[in-house]
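Observations on the model geometry
The chain contents come next:
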Number of protein chains: 12
Amino acid sequence: MDATHGDYIVVKAKEQGVQVIGLTRGLDTKFHHTEKLDRGEVLIAQFTDHTSAIKIRGKATVMTKYGSVDTD
Amino acid sequence: MDATHGDYIVVKAKEQGVQVIGLTRGLDTKFHHTEKLDRGEVLIAQFTDHTSAIKIRGKATVMTKYGSVDTD
Amino acid sequence: MDATHGDYIVVKAKEQGVQVIGLTRGLDTKFHHTEKLDRGEVLIAQFTDHTSAIKIRGKATVMTKYGSVDTD
Amino acid sequence: MDATHGDYIVVKAKEQGVQVIGLTRGLDTKFHHTEKLDRGEVLIAQFTDHTSAIKIRGKATVMTKYGSVDTD
Amino acid sequence: MDATHGDYIVVKAKEQGVQVIGLTRGLDTKFHHTEKLDRGEVLIAQFTDHTSAIKIRGKATVMTKYGSVDTD
Amino acid sequence: MDATHGDYIVVKAKEQGVQVIGLTRGLDTKFHHTEKLDRGEVLIAQFTDHTSAIKIRGKATVMTKYGSVDTD
Amino acid sequence: MDATHGDYIVVKAKEQGVQVIGLTRGLDTKFHHTEKLDRGEVLIAQFTDHTSAIKIRGKATVMTKYGSVDTD
Amino acid sequence: MDATHGDYIVVKAKEQGVQVIGLTRGLDTKFHHTEKLDRGEVLIAQFTDHTSAIKIRGKATVMTKYGSVDTD
Amino acid sequence: MDATHGDYIVVKAKEQGVQVIGLTRGLDTKFHHTEKLDRGEVLIAQFTDHTSAIKIRGKATVMTKYGSVDTD
Amino acid sequence: MDATHGDYIVVKAKEQGVQVIGLTRGLDTKFHHTEKLDRGEVLIAQFTDHTSAIKIRGKATVMTKYGSVDTD
Amino acid sequence: MDATHGDYIVVKAKEQGVQVIGLTRGLDTKFHHTEKLDRGEVLIAQFTDHTSAIKIRGKATVMTKYGSVDTD
Amino acid sequence: MDATHGDYIVVKAKEQGVQVIGLTRGLDTKFHHTEKLDRGEVLIAQFTDHTSAIKIRGKATVMTKYGSVDTD
């Protein structure tokens, strides 16, 4: 399976300015992109060749293969 | 599996002007396409070699492998 | 798996002139084909090397792997 | 898996002259074959290297992996 | 998987002279074989390199992966 | 998977002289073998490189992946 | 998967002299081996490069992936 | 999968001198090994490159993927 | 499957300063990155070519394929 | 899958001197190793390139993919 | 599947100084790393090219694919 | 799948000095490593290129894919 079939998560912002931050895959682990979401917006994001971790800041619901979790 | 078997999401617009925005796969993560939906229209969109994240703006229902979520 | 095994959706038109629009896979995302359906007609359409997104306009029922959704 | 294992649909005609229309895979999407069914006849048709979409006209029941749907 | 593992259907004739017609795979879609069944006979037929669609004429029960359907 | 893993059917004869007929795979579809079963005998037969369809004549029970069906 | 993983059947003889007959894979379909079972003996036999059909004569229970069947 | 992952059966002897007989894979089908079991002993035996059929003589319980069967 | 499909865990911080520490894959096992989470933040992190163990310090909920566990 | 993923059985000795005997894979089937277990000891043993059958002598419980069986 | 998809275990320390010890894969089996956990800390650790066994010392809960077990 | 994905067992010692003994894969089957566990310690051990059988001595609980078993 190539990268187009990578696993994804779903983030729904519950307030203005929720940040979904991609962290780099590889030797260094640093922020490479921050996507800002307005209240109510939904982002569906895959793991990629460049992203091996995702951090969510601000009030949001995150859907993953283990179920949903609310940031707080 | 090649890209024609990529996972997809389903978006149903609940108002005029819902935006389904494709974000680029790769080193940069930026908007590469915005598809506008009128009220009631449905879009089914795959992840592709060019799209590794999808953002939904405006009132819509989004169906994913983790279930459905309403923007708003 | 080759393209002949690609995933498909089912569209049933509930009025005259429902449009099932194929959007191009690749760098550009634009309409490449519009199939018009008369009331009651059913279209089964795969994702292909050329189609990575499908838009439905007009009153229709759309069956996908996440369940059915009615445009409205 | 090669094409002989492609997915298929089942169509049962409920009136004379039901049309099961194969649409071409590839850059152009056009009708390449129309199979006419008499009332009560059943057609089982695979997606192939040449067919990536199938349209059904006339009163019929269509069985797919998402369940059955009646035209009309 | 090679062709010997292709999917199959089961047809049981409910009257004399039921026809199970193989339609050609490829650019042209035409009848390449008609198997006639007497009342009560059963035919199990695979999709093959040469057959991508099967049509059933006359009173019969057809068993497929989506369930059974009676021609009428 | 090679041919030794091909799918099979089970036929139980319910009278003398039941015929299990192998039809050729390939361009021509003709009888290549007829196995005669006496009442009560059971035959388990795979699809092979040479057989892509099987016809059963005479009173018998046929077990397939879609369930059992009685001729007659 | 190679032939050592081929599917198998189980035959239990319910009288003396039950015959489990291997039929040849390939262009010709003929008996290549007859294994005789005494009452109560059990034979577990795989499909192989040389056997694509198995016939059971005499009173026996045959266990297959579709369930058990008694010859009569 | 190589031969070390081959399917196996389990035989429990219910009397002295139960015989578990390996029959050869290939053109000839003959006994190549007889393992004798004392009452209560258990033998777990795989199908192998050399064994494509196994015969059990004497009172025993045989466990297979289709369930258990007692010789008699 | 390449690294973009690697398994992941989900960490939700329940206090300020939760640490999610990546330990190196390979001959040496040492800390190569520490991601700090504020109260309520969620981190989804894959195992990668560089990370074969992950340690969580501070009050958090950790979701894994075996269920959830709270640090304490 | 290589041999490290081979299937295994579990043997628990219920008396002193239980023997778990490995029989050779290949043309000859003979004992190549006897592992003696004291009462209460447990042995977990895989099928390997050298072992295609395992015999258990003495009072023991044997756990396999078809369930547990007690020698007697 | 490469090593990034290796199976993992989850260890939660229930006292200070729990040790999670990696044992070397290969001809020698010896300790190559000891990770110390404080009370309440959680470690998720994969099997790797260098670790084929893991030992847990001190009060902890260990989650595995067979369920959870408490050291004592 | 390579060896890092090999199956594993879980051993919990219920007394001092439980021994988990690795037996060599290959022509000879002999002890190559003995890991001693103190009361309450847990060992998770994979089958490897060097270990095809594992013996447990002393009071312990052993978790396997067929369930748990207590040495005695």
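The following paragraphs examine the structure supplied in this document. The model shown is predicted, which means the values in this text are computed figures rather than measured ones. (Residues numbered from 1 in each chain as written. Chains lettered and ligands numbered in written order. Predicted model: local features only at pLDDT ≥ 70, side-chain atom pairs only at ≥ 80, totals over all residues. Heavy atoms only, no water.)

1. What to know about the sheet that holds strand β5 (residues 51-57) of chain A
Worth spelling out the cut-off: When DSSP finds two or more bridges between a pair of strands, those strands are recorded as paired. Secondary structure elements follow DSSP: runs of H or I of four or more residues count as helices, runs of E of two or more count as strands, with numbering from the N terminus. Axes here refer to lines fitted to C-alpha atoms; in helices the fit is confined to the stretch in contact. Angles between the N-to-C directions go from 0 to 180 degrees.
An order of β3(A)-β2(A)-β5(A)-β4(I)-β1(I)-β6(I)-β7(I) is seen for the 7 strands of this open sheet, with the pairing classed as antiparallel. Edge strands, defined here as strands with exactly one partner in the open sheet, are β3 (31-37) of chain A together with β7 (67-70) of chain I. Direction aside, the axes of adjacent strands within the sheet are offset by 20° on average.

2. Some thoughts on the sheet that holds strand β5 (residues 51-57) of chain I
Pairing in this open sheet of 7 strands is antiparallel, and the strands run β3(I)-β2(I)-β5(I)-β4(K)-β1(K)-β6(K)-β7(K) from one edge to the other. Both edges of this open sheet fall to β3 (31-37) of chain I together with β7 (67-70) of chain K, since each of them pairs with a single strand only. The average angle at which neighbouring strand axes cross in this sheet is 20°, direction not considered. Relative to β5 of chain I, strand β2 (residues 18-24) of chain I is paired through 6 bridges, and the arrangement is antiparallel. Each residue of the ladder has a partner; that of G22 of chain I, found in β5 of chain I, is I54 of chain I.

3. A word on the interface of chain K and chain I
This is how the line gets drawn: Whether two residues touch is decided by their heavy atoms; if any such pair falls within 4.5 Å, the residues are in contact. By buried area we mean how much accessible surface two parts lose on assembly, using a 1.4 Å probe and totalling the loss over both. By definition, a salt bridge exists where a carboxyl oxygen of Asp or Glu is found within 4 Å of a side-chain nitrogen of Lys or Arg. The definition of a polar contact used here is a pair of N or O atoms within 3.5 Å, where within protein one atom must be able to donate a hydrogen and the other to accept one, and adjacent residues in sequence count solely through side-chain atom pairs.
On the side of chain I, 34 residues touch chain K, which itself brings 28 residues to the contact. For the pair chain K and chain I, the two sides together bury roughly 2,500 Å², of which 58% comes from carbon and sulfur. By the criterion of area lost to chain I, the three top residues of chain K are T4, Y8 and I44 of chain K, representing 25% of everything that side buries. Here chain K is connected to chain I by 4 salt bridges. For the salt bridge of D7 of chain K with K65 of chain I, the shortest nitrogen-to-oxygen distance reads 2.9 Å. Taken together, chain K and chain I are joined by 15 residue pairs in polar contact (both at pLDDT 80 or more). Of all the secondary-structure elements, those providing two or more residues to the side of chain K that touches chain I are β1 (8-13), β3 (31-37), β4 (42-46) and β6 (60-64) of chain K. Sheet topology places β5 of chain I next to β4 of chain K; 4 bridges connect them, and they run antiparallel. Across the sheet, residue I54 of chain I finds its bridge partner in β4 of chain K, namely I44 of chain K.

4. Quick notes on the packing of aromatic side chains
For clarity, the threshold we go by: Working definition: rings of Phe, Tyr and Trp (its six-membered ring) pair if their centres are within 6.5 Å, and the pair is stacked with planes under 30 degrees apart, edge-to-face with planes over 60 apart, and tilted otherwise. Criterion for a charge above a ring: Lys NZ or Arg CZ within 6 Å of the ring centre, and within 35 degrees of the ring normal.
For the coordinates displayed, the defined rule picks out 24 aromatic pairs over all chains. When the centroid spacing of 5.5 Å and the interplanar angle of 65° are considered together, the rings of Y8 of chain E and Y66 of chain F count as edge-to-face. Placement of Y8 of chain E in strand β1 (residues 8-13) and of Y66 of chain F in the loop between β6 (60-64) and β7 (67-70) is noted, with the two residues assigned to different chains. An aromatic cluster is defined as three or more aromatic residues linked by ring pairs; in this entry it consists of Y8 of chain A together with F47 and Y66 of chain B. The positively charged end of K65 of chain D is found above the aromatic ring belonging to Y8 of chain C, 4.7 Å away from the centroid.

5. A few points about the interface of chain B and chain A
Many descriptions give the size of an interface as the accessible area lost when the pieces come together. Threshold: For this classification, Asp, Glu, Lys and Arg are treated as charged, while Ala, Val, Leu, Ile, Met, Phe, Trp, Tyr, Cys and Pro are nonpolar and the rest, including Gly, are polar.
Facing the 34 residues of chain B at the interface are 27 residues of chain A. Between chain B and chain A lies a buried interface of about 2,500 Å² when both sides are counted; carbon and sulfur atoms form 59% of it. Of all residues in chain B, M1, K55 and Y66 of chain B give up the largest surface area on contact with chain A, accounting jointly for 25% of the area buried on that side. Here chain B and chain A share 4 salt bridges between them. With a closest N to O distance of 3.9 Å, K55 of chain B and E41 of chain A form a salt bridge. At the boundary of chain B and chain A, one finds 15 residue pairs in polar contact (both at pLDDT 80 or more). For the side of chain B that touches chain A, the secondary-structure elements that each account for two or more residues are β1 (8-13), β5 (51-57), β6 (60-64) and β7 (67-70) of chain B. Ranked by residues supplied to the side of chain B that touches chain A, first place goes to β5 of chain B with 7 residues. Here the residues of the side of chain B that touches chain A sort into 14 nonpolar, 11 polar and 9 charged.

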